[in-house]
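Chain residues, written in single-letter form:
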Amino acid sequence: MSGTDFEGRPVFIGSVGQVNFKELFEKGYKDDCYRFAHYLADWVMYVSEVERRKSGSTQVNAILDFDGFSFGNALHVQTIQAAIYGARMFEAFYPETLHRSIMVNANWVFSSLYNMTKPFLSTETTDKIQVYGHDTEKWKAVLKQYIPNESIPIEYGGTAPSLYSGQLTPKYPYRDQA
């Protein structure tokens, strides 16, 4: 978690483009990837519950960075199936949890995959998703419309610690604050 938006909703950031899903699936880690997706969704909901007690909001923001997302991932059938599964799972088990998702550094490869999965998502969900390419000035300006500088990591144009510093995620004890 990077911080909160101007209304107190948590902001989560993920470097999705750095994950080689195709290789993970081909090496037999498909079930582990699906379990991790469930774990991650549960963790997001847990942290959101802690933050909800402060702000009253039940929704979250996601910034997903697709820098490095490869052609091999986009055309890999299991990757496409996993993307659809993940989106449908979030819609089914956590309806109306997503406030906004800003996808940055989306190349034509990711845009093609997103356009393939979009028909499987509800209009309510797709209306909350904004996709931006590699024009950093454009998407950094969008981030600053919704999120204060202190909640945006330095590599995304804010003043929060780097994603890679290990300082962003609060150390919530498991379940004792929920």
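Since the model is a prediction, treat every value here as computed from it, not as a measurement. (Residues numbered from 1 in each chain as written. Predicted model: local features only at pLDDT ≥ 70, side-chain atom pairs only at ≥ 80, totals over all residues. Heavy atoms only, no water.)

### A word on the overall build of the chain
The secondary structure content of the chain amounts to seven helices and five strands. Listing the helices and strands of the chain from first to last along the sequence gives β-β-α-α-β-α-α-β-α-α-β-α. Computed over the C-alpha atoms, the radius of gyration of the chain is 16 Å, within 12% of the 16 Å expected from 2.2 N^0.38 for a compact globule of 178 residues. Each principal axis of the C-alpha distribution contributes one length, and for the chain these read about 40 × 40 × 35 Å. When contacts within the chain are restricted to residue pairs at least 6 apart in sequence, long-range pairs at least 24 apart make up 74% of them. Roughly 9,600 Å² of accessible area belongs to the chain as shown, and the carbon and sulfur atoms make up 55% of that amount. (Helix = DSSP H or I, 4+ residues; strand = E, 2+ residues; numbered from the N terminus. Rg over C-alpha atoms; globule rule 2.2 N^0.38 Å. Contact = heavy atoms within 4.5 Å. Areas by Shrake-Rupley, 256 points an atom, 1.4 Å probe, with all protein chains shown as cover.)

### Notes on the pattern of salt bridges
Summed over all chains, the structure comprises six salt bridges. One salt bridge in this structure joins R9 and E7, with 2.8 Å as the shortest N-O distance. Three or more residues are tied together by salt bridges with common partners; here these are D5, E7 and R9. (Salt bridge = Lys/Arg side-chain N within 4 Å of Asp/Glu carboxyl O.)

### Some words on the confidence of the model for the chain
For the chain, the mean per-residue pLDDT works out to 83, and 92% of the residues sit at or above 70. Here residues 168–178 is a poorly scored stretch, pLDDT under 50, and it has 28 contacts once near neighbours within four places are set aside; other chains count. (pLDDT = per-residue confidence, 0-100.)

### Remarks on the packing of helix α2 (residues 30–55) against helix α4 (residues 77–93)
Relative orientation of the contacting elements α2 and α4 amounts to 25°, with a least axis distance of 11 Å. Compared by their axis directions, α2 and α4 come out roughly parallel. As for the relative orientation of α2 and α4, their crossing is right-handed in sense. Of the residues in α4, those in contact with K30, Y34, A37, H38 and A41 of α2 are Q78, Q81, A82, Y85, M89 and F90. Class assignment for the residues of the contact of α2 with α4 results in seven nonpolar, three polar and one charged. (Axes fitted to C-alpha atoms, helices over the stretch in contact; angles between N-to-C directions. Parallel < 35°, antiparallel > 145°, perpendicular 65-115°, else oblique. Left-handed = near helix turned anticlockwise from the far one by under 90°. Nonpolar A, V, L, I, M, F, W, Y, C, P; charged D, E, K, R; others polar.)

### Here we look at the packing of aromatic side chains
Scanning the model with the defined rule gives eight aromatic pairs in all. Their ring planes at 50° and their centres at 4.7 Å tell us that Y34 and Y85 sit as a pair that is tilted. Here Y34, found in helix α2, pairs with Y85, found in helix α4; they are 51 residues apart in sequence, far enough to count as distant. Between the aromatic rings of W139 and Y156, the centroid separation amounts to 5.6 Å while the plane-to-plane angle is 55°, which identifies the pairing as tilted. Within this pair, whereas W139 is found in helix α7 (residues 136–146), its partner Y156 is found in the segment after α7, the two being separated by 17 residues in sequence. Exposure remark for W139: the relative accessible area of 2% places this residue in the buried category. Clustering of aromatic rings is evident, with ring pairs tying together F66, F69, F110 and Y114. Here the basic side chain of R100 rests over the ring of Y146, its NZ or CZ set 3.4 Å away from the ring centre. (Phe/Tyr/Trp six-rings, centres within 6.5 Å; stacked < 30°, edge-to-face > 60°. Buried < 20%, exposed > 50% of the residue type's maximum accessible area, 1.4 Å probe, protein only. Lys NZ or Arg CZ within 6 Å of the ring centre and 35° of its normal.)

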